Amino acid sequence: MSDNHNEPEVHNKASEWKTFLVLTVCLFPALSVALIGAYGFGIWFLQMFLMGPPGH
Amino acid sequence: MIQIIKRFWHIASKPSVHLSFGFLTIGGFLAGIIFWGGFNTALEVTNTEKFCIGCHEMADNVYVELQETVHWQNRSGVRATCPDCHVPHNWSDKIARKMQASKEVWATVFGTVNTREKFLAKRGELAQHEWDRFSANNSMECKNCHNYESMDFEIMSERAQVQMKMAAERDQSCVDCHKGIAHNLPDNMNSGEGTLSKLEEMATSGYKAGNSYYSVRQLPLFTDETMTTEAGQLNAATKVTVLAVEGDAIQVELDVWRKTKGFGRVMFEDFAMNINDGYLTKEVAQSDDYMNKGETKIDDLTGLPWQKVEVKLWARNGSLTESRDTLWTFAKSTYDTSCSVCHTQPAENHFDTNTWPGMFNGMLSFVNLDGDTQALVLKYLQKHSSDFSDEAH
C-alpha cells in the first residue's frame, strides 16, 4: 500500500460513485445482516449450552 | 479479481476527490435508514403466519390442526397466529429464534420431515422444545393475550374455576396444564381427558359427621351452608373432618398449619412442611370467625413462625373418600407411567418433602397432567419423600 502513495493514480468521479454505491448498497448491508445473524446464532448457542431457553 | 479488490480498497481508503463530504454523510445516513427499514420489514414478513405455512411441513400438519381449535375461531373474533405463540418479543431472543429457523429451512430443503409420518415421528421432540420454552418463560406468549388478573373466574365452570384460581395463585405457566391447546398431542401422550371421572370414581358417599375423609381433587370452600360466598380452595388428597351434613352442603374442619407472616392464606398439612392443603381468601384468612388458633412454633431452618389452626368451612357434598390409599395408588401409577419419559425418574424418597415441589415443577414441562392430578401426584411424592420413608436414602 505505502508505495501506492506517490503514484498519482487517476480515480475519476465515476469510480468514486461506484465505490460509494458498492459500499452503501452491497457491502455494509451484507455485513450488517451477517453480524446480526452471527449475534442470533451466538445467543442460540448460548441458550443451547449455557442459559437454557429464554426466560422472562 | 484481486486487482479489482485492490483498486476498490485504494479508492475507498482515500478521501474522496469528487464527492463532497456532505453528500457522503447524507448518503450513508439515508442508506442506513433505508437498510434498517428494509431489515425490519423483512423481519416482519418472516413473522407472519403466511410465511410460517410457506413450508408444506407446517401447512399440512400443525396449521390444519390449529383450525380445529378455539384460537382459530371463537366468539371474541380474535385469531392467534403462529408467531403470537411461538416467537419471543424481546429483540435478541427473536433474532436467535430466526437463526434457529435455519434448522427448519435445512429440514425443508433436505425433506427430513416431508411426510405426515415423518412429522408425527418427530412431533414428540418438537413439542418438547416448545414445552421447555414455555416453562422457562412461564408461558409469556399466552400471557401476552391472556391474563390471570383479567379473568372472570365466576363465569367459568367450577372445575375450571378451582384449577385456574390455584394456577393464578402461583402465577403458574399455562402450558403446564394446557398442553395440546393448538395442535394434536404427540402420539404416545395421553390426552389427560377422563382423569376427572377417574378421580370422582374414587369418591365415596354418605359421609358421617365426626369421621375424617380425604378430598379426591381440588374443591372450592365456602363460608356458610348457602355456598354463595367463596372462602378458599381445598387441595387434592387433603384430610378433612366432616362436622355436619346439610343436604348438598357439608361442614368440614381442617387441621392445618400456616405461616403467620403475610396474610396466612396458604394452608399446610404439617409444621414446617410445604405440603399444600389449599388456600383461604384474604377475608377468611384474616377473620377469626372461621378458625381456632392453636400453638405457634418457629421453624429453625427459615426462622419463620408457623401457627396451628382449625378451620371450619363448608364444601359441596361429594368428592371425598375414606382412605388415601386408592388416591396414592392412582398417583403412583400416574407418576410411574407419565414421568417415565424423564431420563432419570427419581424415586419418591430421593428428595425430602420441601424439595419435591421444585423438582416436580421442573418435570411438569415433560408431562401432560391436569391440575388435579398434578396436585395429587405432588402430594403423593411429598408424603412418600425421604422425610416419611423408612429406608434411608
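None of these values were measured; they are calculated from a predicted model.

**A short note on the overall build of chain B**
Line of reasoning, step 1. Secondary structure assignment for chain B yields 14 helices and 10 strands.
Line of reasoning, step 2. In terms of overall dimensions, chain B is more spread out than a globule: its C-alpha atoms have a radius of gyration of 28 Å, far above the 21 Å expected for 393 residues.
Line of reasoning, step 3. Judged by the C-alpha coordinates and their principal axes, chain B covers about 100 × 50 × 50 Å.
Line of reasoning, step 4. Expressed as a percentage of its 393 residues, the buried residues of chain B come to 44%.
Line of reasoning, step 5. Of the charged side chains in chain B, 38 are positive and 52 negative; the average position of the first set lies 9 Å away from that of the second.

**Regarding the overall build of chain A**
Line of reasoning, step 1. The helix and strand inventory of chain A stands at 1 helix and 0 strands.
Line of reasoning, step 2. Evaluated residue by residue, chain A yields a buried proportion of 27% over its 56 residues.
Line of reasoning, step 3. Summed over all atoms, the accessible surface of chain A reaches about 4,000 Å², with 72% contributed by carbon and sulfur.

**Some words on the interface of chain B and chain A**
Line of reasoning, step 1. Each side of the interface is counted separately: chain B has 34 residues, and chain A has 30 residues.
Line of reasoning, step 2. On the surface where chain B and chain A come into contact, there are 5 residue pairs in polar contact (both at pLDDT 80 or more).
Line of reasoning, step 3. Looking at the side of chain B that touches chain A, the elements that each hand over two or more residues are α1 (2-12), α2 (21-45), α6 (91-110) and α7 (116-136) of chain B.
Line of reasoning, step 4. Of the residues belonging to the side of chain B that touches chain A, the class tally is 19 nonpolar, 10 polar and 5 charged.

**What about the pairing of strand β3 (residues 230-234) of chain B?**
Residues and elements named next belong to chain B.
Line of reasoning, step 1. Counting buried positions over the 5 residues of β3 gives 4, a clear majority of the element.
Line of reasoning, step 2. Taken together, the 4 bridges between strand β2 (residues 219-222) and β3 define a ladder with antiparallel strand orientation. Residue pairing in the sheet places Leu 221 in a bridge with Gly 232 of β3.
Line of reasoning, step 3. Here β3 pairs with strand β7 (residues 273-280) via 3 bridges, running antiparallel. Across the sheet, Gly 232 pairs through a bridge with Leu 280, a residue of β7.

**Details of a nonpolar patch on the surface**
Line of reasoning, step 1. A cluster of nonpolar side chains, contributed by Phe 45, Leu 46, Met 48, Phe 49, Leu 50 and Met 51 of chain A, occupies part of the molecular surface with about 680 Å² of accessible area.
Line of reasoning, step 2. Since its relative accessible area comes to 53%, Met 51 of chain A is described here as exposed.

**Description of the environment of Phe 222 of chain B**
Residue and element names in this part refer to chain B.
Line of reasoning, step 1. Its place among the elements puts Phe 222 in strand β2.
Line of reasoning, step 2. On the basis of relative accessible area, Phe 222 is assigned to the buried category, the value being 7%.
Line of reasoning, step 3. Separated by 62 residues in sequence, Phe 222 and Val 284 place their C-alpha atoms 9.7 Å apart.
Line of reasoning, step 4. Apart from residues lying up to four places away in sequence, Phe 222 is in contact with Met 227, Thr 228, Thr 229, Glu 230, Ala 231, Leu 313, Trp 314, Ala 315 and Arg 316.

**Let's talk about the confidence of the model for chain B**
Line of reasoning, step 1. Per-chain confidence: chain B averages 87 in pLDDT, with 95% of residues scoring 70 or above.
Line of reasoning, step 2. The ipTM assigned to the predicted complex is 0.78, against a pTM of 0.78.

**So, the packing of aromatic side chains**
Line of reasoning, step 1. Applying the stated criterion to the full structure yields 19 aromatic pairs over all chains.
Line of reasoning, step 2. Each ring, one from Tyr 39 of chain A and one from Trp 91 of chain B, has its centre 6.1 Å from the other, and the planes form 25 degrees; the classification is stacked. With Tyr 39 of chain A in helix α1 (residues 13-51) and Trp 91 of chain B in helix α6, this residue pair bridges two chains.
Line of reasoning, step 3. Owing to a relative accessible area of 39%, Tyr 39 of chain A belongs among the partly exposed residues under this scheme.
Line of reasoning, step 4. Here Trp 91 of chain B falls in the partly exposed class, since its relative accessible area comes to 35%.
Line of reasoning, step 5. Arranged with centres 5.3 Å apart and planes meeting at 10 degrees, the rings of Trp 36 of chain B and Phe 39 of chain B form a pair that is stacked. With Trp 36 of chain B and Phe 39 of chain B both in helix α2 and 3 residues apart, this pair spans about one turn of that helix.
Line of reasoning, step 6. The class for Trp 36 of chain B is partly exposed, based on a relative accessible area of 39%.

**Points about the pattern of salt bridges**
Residue and element names in this part refer to chain B.
Line of reasoning, step 1. Enumeration according to the criterion identifies 18 salt bridges over all chains in this entry.
Line of reasoning, step 2. Of the charged contacts in the structure, one is a salt bridge between Lys 122 and Glu 125, with a shortest N-O distance of 3.2 Å. With a gap of 3 residues between them, Lys 122 and Glu 125 both fall in helix α7, about one helical turn apart.
Line of reasoning, step 3. Among the ionic pairs, Lys 312 bridges to Glu 253, the shortest N-O distance being 3.7 Å.

**Looking at the nonpolar core**
Residues and elements named next belong to chain B.
Line of reasoning, step 1. Ranked by internal contacts, the top residues of the largest apolar core, which has 24 residues, are Leu 327, Trp 356, Phe 360, Leu 376 and Leu 381.
Line of reasoning, step 2. Those elements giving two or more residues to this core turn out to be α12 (325-338), α13 (356-363) and α14 (371-383).
Line of reasoning, step 3. For this core, the element with the most residues is α14, which contributes 6 residues.
Line of reasoning, step 4. Look past the residues within four positions of Leu 376 in its chain and what remains in contact with it is Leu 199, Ala 236, Ala 237, Leu 327, Trp 328, Phe 330 and Ala 331.
Line of reasoning, step 5. Membership of the second largest hydrophobic core comes to 22 residues, among which are Leu 219, Ala 231, Leu 234 and Val 256.

**Description of the side chain of Gln 128 of chain B**
Line of reasoning, step 1. Looking at the element boundaries, Gln 128 of chain B is found in helix α7.
Line of reasoning, step 2. The contact partners of Gln 128 of chain B, leaving out residues within four places of it in the chain, are Ser 365 and Phe 366 of chain B.

**Quick word on unusual backbone geometry**
All names here are of chain B.
Line of reasoning, step 1. We note that Ser 139 has phi near 60 degrees; this positive angle belongs to a residue other than glycine.
Line of reasoning, step 2. When you line up the elements, Ser 139 lands in the loop between α7 and α8 (140-145).
Line of reasoning, step 3. Despite not being glycine, Met 227 has its phi angle at roughly 55 degrees, a positive value.
Line of reasoning, step 4. Mapped onto the elements, Met 227 comes out in the loop between β2 and β3.

**Focus on the state of the cysteines**
Residues and elements named next belong to chain B.
Line of reasoning, step 1. In total, this model carries 0 disulfides over all chains according to the counting rule given.
Line of reasoning, step 2. With no disulfide of its own, Cys 82 lies closest to Cys 52 among cysteine sulfurs, the gap being 4.1 Å.
Line of reasoning, step 3. A disulfide-free cysteine, Cys 177 has its sulfur positioned 8.8 Å from the sulfur of Cys 174, the nearest such atom.
Line of reasoning, step 4. For Cys 177, a relative accessible area of 25% puts it in the partly exposed group.

What counts, and at which threshold
- Residues numbered from 1 in each chain as written.
- Chains lettered and ligands numbered in written order.
- Predicted model: local features only at pLDDT ≥ 70, side-chain atom pairs only at ≥ 80, totals over all residues.
- Heavy atoms only, no water.
- Helix = DSSP H or I, 4+ residues; strand = E, 2+ residues; numbered from the N terminus.
- Rg over C-alpha atoms; globule rule 2.2 N^0.38 Å.
- Buried < 20%, exposed > 50% of the residue type's maximum accessible area, 1.4 Å probe, protein only.
- Lys, Arg positive; Asp, Glu negative; His and termini not counted.
- Charge placed at Lys NZ, Arg CZ, Asp CG, Glu CD.
- Areas by Shrake-Rupley, 256 points an atom, 1.4 Å probe, with all protein chains shown as cover.
- Contact = heavy atoms within 4.5 Å.
- Polar contact = N/O pair within 3.5 Å; in protein donor to acceptor, adjacent residues only side chain to side chain.
- Nonpolar A, V, L, I, M, F, W, Y, C, P; charged D, E, K, R; others polar.
- Pairing = 2+ DSSP bridges.
- Patch = residues over 30% accessible without salt bridge, like charges linked within 9 Å, V, L, I, M, F, W, Y side chains within 5 Å.
- Salt bridge = Lys/Arg side-chain N within 4 Å of Asp/Glu carboxyl O.
- pLDDT = per-residue confidence, 0-100.
- Phe/Tyr/Trp six-rings, centres within 6.5 Å; stacked < 30°, edge-to-face > 60°.
- Core = buried A, V, L, I, M, F, W, Y, C linked by side-chain atoms within 4.5 Å.
- Disulfide = S-S within 2.5 Å.

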